[in-house]
Amino acid sequence: MDIITMGVVAVGTVVAVPVIISAVGFTTAGIAAGSLAAKAMAASAVANGGGVAAGSVVAVLQSVGAAGIGAAASVVVGGAAAAIFALF
């Protein structure tokens, strides 16, 4: 895979991740009722005795849905995507 393709994959991933997270129900207004995110939150709460644990996948995804992905996380996500696609 050439450097331009890897760059396109990295940028595309950084753009797509917040869109996908919002589409499954982790929104700026909170977790959307009836969404996949709501089901994940319910399962996480049941597994943790009634609350979602800080730092859990659900908590992190909600943070990303509410506040977006910071610059450092964007670099990590984009780099990881480019590295994975470079294997193909």
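Only a predicted model underlies this, so the values are computations on that prediction, with no experimental measurement involved.

Between its terminal C-alpha atoms helix α2 (residues 36–47) stretches 16 Å, which fits the 16 Å expected from 12 residues at 1.5 Å a residue. Those residues of α2 not exposed but buried are Ala 37, Ser 44 and Ala 45. The arc that holds every buried residue of α2, seen down its axis, measures 100°, which confines them to one face. Along α2, the residues that are exposed and aim more than 90 degrees away from the buried face are Leu 36, Lys 39, Val 46 and Ala 47. Where α2 is buried, its residues contact β1 (26–27), β2 (30–31) and α3 (57–67). Two to three positions downstream of the cap, the backbone nitrogen of Ala 37 sits 3.3 Å from a side-chain oxygen, assigning the N-cap of α2 to Ser 35. Of the residues trailing α2, Gly 49 is marked for its positive phi of about 75°.

The next subject is the nonpolar core. If you look at the biggest cluster of nonpolar residues, it comprises five residues: Ile 21, Phe 26, Ala 37, Val 58 and Val 64. When neighbours within four sequence positions are excluded, Phe 26 is seen to be in contact with Ile 21, Ile 31, Ala 37, Val 58, Leu 61, Gln 62 and Gly 65.

Definitions and limits used
Residues numbered from 1 in each chain as written. Predicted model: local features only at pLDDT ≥ 70, side-chain atom pairs only at ≥ 80, totals over all residues. Heavy atoms only, no water. Helix = DSSP H or I, 4+ residues; strand = E, 2+ residues; numbered from the N terminus. Expected span 1.5 Å × (residues − 1). Buried < 20%, exposed > 50% of the residue type's maximum accessible area, 1.4 Å probe, protein only. Arc of directions from axis to C-beta. Contact = heavy atoms within 4.5 Å. Polar contact = N/O pair within 3.5 Å; in protein donor to acceptor, adjacent residues only side chain to side chain. Core = buried A, V, L, I, M, F, W, Y, C linked by side-chain atoms within 4.5 Å.

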